[in-house]
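Structure assessment
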Amino acid sequence: MLLVLVALAGAGGWWWKQQQAPAAAGAPAAGAARAPGRFSGAGGAQPVSVGVVQRQDVRVMVSAIGTLSARATAVVRAKASGELLSIKFKEGDEVKAGQLLAEIDPRSYQATLTQVQGNLQRDQAQLKNAQLDLQRYQDLLAKDSIASQQVDTQKALVRQLEGTVAADQAQVDAAKLQLSYTRITAPIGGRLGLRQADRGNVVGPSDATGIVTITQVRPIDAVFSVPEAQLVAINQRLTSGASLPVELWDRDQKQRLARGRLGAVDNAIDATTGTIKAKAAFDNEEGLLFPNQFVNVKLQVNLLKDVLTVPSTAVQNNYVYLVRPDGTVTQRRIRVGVADGDRVSVEGELQDGEQVVTDGIDRLREGAKVAVIDAAVATRADAAAQDAGARRAALMASLTPQEREQVAKMSQEERRAFFRNRRAQAPAGPQGAASGAAAPAPAAPATGASRASAPASAATAPASATSR
C-alpha cells in the first residue's frame, strides 16, 4: 500500500507540472504591458465600454404615425366631347398650370363658330341700316315732314336689332369657348399619374376616370394624430409665433426622409382615441415623398437648453455606473428625463465630462475594478476578423471540386498545412491574397499509405499553425 501511495503521489506531481508548463510558456514577460481584452480583464479588472456625460440641448419629441397627402388633386377631364387627336404628356412627368396635355378634334366646333360669326355680321349690317334710317327720320321730323309715330317705330326696330346683335355676340363667345376646350390643359401644377385614355378614344365631361390625374406634391402635407395631453404645449408654441419642427422617418425609423414645420391642428379632439389631428408641410424639393405614403412622424414640442445627458445604454433601473479616476466604479442614482436619439437627459450627481459605463454593466458591482476598452481597437479587431473570414471564403471558392473533396477528407492538421501552402503560393498583392485563384494548387495529400505520413509532417509545423 505504501508503494501504491508513493506511485500515485508521483503521478499527481508529474501531472501538475505538465499543466503548469504551457501556462508558464504562454505568460507574458514580467512588467510587460497588456491591453485588456474583450472578455478577459487585466489584473482581475472587468472590461467595459464607457460614454461621456455631456451638457447639450435636448429636443422634446412626440412620435406619431402619419400619412402623406397631396396639397391639391385634380382629375383632368375633357370639357367638350370629341375624339382625342393627340396626347401631349408623359406619365409621371411634372407639369405646370396651363400646360397643354391633349387635343380633341376641333372641326365641328370650328364650323359652329363660323356659323354664329356669320349671323353676327348679318345682324350687325341690319342694325347699321336701321340706325341710318332713324337718323333720316329724325331730320325729317325736325322739319315737320314726317309723322312722329314712324320715328318711334324706327327707334324700336333699332333697339330690337341691337338685342339681336348682342345675342349673336354671346353665341360667338360661347362657340369660341367650346373651341378652346378642344385644347386640354393642366388646371394645376404637379405630378401626372397614369394615363386613363388613349389617342382615338371619344372623351367627354361625363367620364368618371378622366384622362389623367394631377397631384400637387411640392409642397406636400403629412397628417398625423398627437395625444391630447400635448395639445396645450403645442397651442402655446403656435400662439407665441414659434415654429414647431417636424421630421419624417421611414418605416424602420432608420432613414430621415424630410424636415418640415407644423402648419395647423384640427378643431376637435377625437373622443374615441383621445388624440387630435395635426398637419405639417414639407417642401419635397427632391420629389421623394408621395401621396398616401406611410411615415413615422417626430414632432418637436420643446427644446431643453444645456442639460446633462448620458448615453441611453448607460441607464439601468435609474442608476448609472460612474468610472472613478482610480479605475473603480460606483453607482449613482439619477432621474431620467426625455430621450433624444441615443442620448437621454438626466438629473443627479454627475459632472460634465465624467465617464459612465455603457457596456458590461451586468458584470459590475459597487467598487469593482474596470478596464476601459478602446472603441477604435475593438472596431479594428472586428474588421480584421471580417477580413480573415473573407480571405478564407475566397480561398475555398478558388478550389476546384476535386480539391474540395480532398480537403473534406483531410484531418485538421493536414487541412491547416494545405491552406498554409496555398496562401504561401498565392501571388503578392491585395488581389492575389484575397482571391488566390491565380496560384497553382498544391498537391493534396494522397489517400491510403501516403496519408499515413501526413500527420508526421504536419506535426513539425510551427506552433502558430494552430490558427488560420
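Note that this is a predicted model, so its numbers are computed, not measured.

With respect to the pairing of strand S13 (residues 294-311)
- Pairing between strand S2 (residues 54-76) and S13: 13 bridges, direction antiparallel. For Val58, the partnering residue across the bridge sits in S13 and is Leu304.
- Pairing geometry for S13 and strand S16 (residues 343-348), over 3 bridges, is antiparallel. In the strand pairing of S16, Val310 is matched with Val344.

Comments concerning the environment of Val116
- The topology assignment puts Val116 in helix H2 (residues 107-142).
- Val116 gets classed as buried once you look at its relative accessible area, which sits at 10%.

A short note on the sheet that holds strand S3 (residues 82-87)
- Sheet architecture is open: 4 strands sit in the order S6-S5-S3-S8, paired in antiparallel fashion. With partners counted over all chains shown, the strands left at the sheet margins are strand S6 (183-185) and strand S8 (202-203), one partner each.
- By the bridge criterion, 3 bridges tie strand S5 (residues 100-104) to S6 in an arrangement that is antiparallel. By the bridge assignment, Ala102 is partnered in S6 with Ile184.

Notes on the pattern of salt bridges
- One pass over the structure, following the stated rule, counts 15 salt bridges.
- Asp221 is the partner of Arg71 in a salt bridge, and the nearest nitrogen-oxygen pair spans 2.8 Å. Separated by 150 residues along the polypeptide, Arg71 in strand S2 and Asp221 in strand S9 (residues 212-227) bring together distant segments of the chain.
- Linking Arg324 and Glu366 is a salt bridge whose minimum nitrogen-to-oxygen distance equals 3.7 Å. Pair noted here: Arg324 is in the loop between strand S14 (319-323) and strand S15 (329-340) and Glu366 is in the loop between strand S17 (355-359) and strand S18 (370-372), with a separation of 42 residues, a long-range link.
- Judged by relative accessible area, which is 35%, Arg324 ranks as partly exposed.
- When salt bridges that share partners are traced, they join Arg59, Glu247, Arg256 and Asp340 into one network.

Details of the nonpolar core
- The biggest cluster of nonpolar side chains holds 25 residues, and the ones touching the most others in it are Phe224, Leu248, Leu262, Phe282 and Leu299.
- Counting residues per element, the ones that place at least two in this core are S2, S9, helix H4 (231-239), strand S10 (245-249), strand S11 (256-265), strand S12 (275-282) and S13.

Topic: the packing of H2 against helix H3 (residues 148-180)
- Relative to each other, H2 and H3 sit at 160°, their axes nearing to 8 Å. Here H2 lies roughly antiparallel to H3, going by the angle between them. The two elements H2 and H3 cross, and the hand of that crossing is left-handed.
- Taken together, the residues of the contact of H2 with H3 sort by class into 17 nonpolar, 15 polar and 6 charged.

Focus: the packing of helix H6 (residues 401-409) against helix H7 (residues 412-425)
- Interhelical geometry of H6 versus H7 gives an angle of 140° and a closest axis separation of 9 Å. On the basis of their axis angle, the class for H6 and H7 is oblique. Where H6 approaches H7, its residues Glu403, Val407 and Ala408 are matched on the opposing element by Arg415, Phe418, Phe419 and Arg422.

Structural notes on the confidence of the model for the protein
- Per-residue pLDDT for the protein has a mean of 83; in total, 83% of the residues score no lower than 70.
- Across residues 428-468 the pLDDT falls below 50, and counting only partners more than four positions away or on other chains, this stretch makes 48 contacts in the model.

Topic: H3
- Taking 1.5 Å per residue, 33 residues should reach 48 Å; H3 reaches 48 Å between its end C-alpha atoms and fits that length.
- Taken residue by residue, H3 has Val151, Gln154, Val158, Leu161, Val165, Asp168, Val172, Ala175 and Leu179 as its buried positions.

Things to note about the side chain of Ser345
- With respect to the helices and strands, the residue Ser345 is situated in strand S16.
- On the basis of relative accessible area, Ser345 is assigned to the buried category, the value being 7%.
- The residues contacting Ser345, other than those within four sequence positions of it, are Val58, Val307, Leu308, Thr309, Arg335, Val336, Gly337 and Val338.

Brief notes about unusual backbone geometry
- For the bond running from Arg218 to Pro219, omega is 5°, close enough to zero to count as cis.
- Within the secondary structure, Pro219 sits in strand S9.
- Of note, Asn284 is a non-glycine position whose phi angle comes to about 55°, a positive value.
- Given a relative accessible area of 8%, Asn284 falls into the buried group.
- Unlike most non-glycine residues, Asn318 shows phi in positive territory, near 60°.
- Mapped onto the secondary structure, Asn318 falls in the loop between S13 and S14.

Analysis parameters
Residues numbered from 1 in each chain as written. Predicted model: local features only at pLDDT ≥ 70, side-chain atom pairs only at ≥ 80, totals over all residues. Heavy atoms only, no water. Pairing = 2+ DSSP bridges. Helix = DSSP H or I, 4+ residues; strand = E, 2+ residues; numbered from the N terminus. Buried < 20%, exposed > 50% of the residue type's maximum accessible area, 1.4 Å probe, protein only. Salt bridge = Lys/Arg side-chain N within 4 Å of Asp/Glu carboxyl O. Core = buried A, V, L, I, M, F, W, Y, C linked by side-chain atoms within 4.5 Å. Axes fitted to C-alpha atoms, helices over the stretch in contact; angles between N-to-C directions. Parallel < 35°, antiparallel > 145°, perpendicular 65-115°, else oblique. Left-handed = near helix turned anticlockwise from the far one by under 90°. Nonpolar A, V, L, I, M, F, W, Y, C, P; charged D, E, K, R; others polar. Contact = heavy atoms within 4.5 Å. pLDDT = per-residue confidence, 0-100. Expected span 1.5 Å × (residues − 1).

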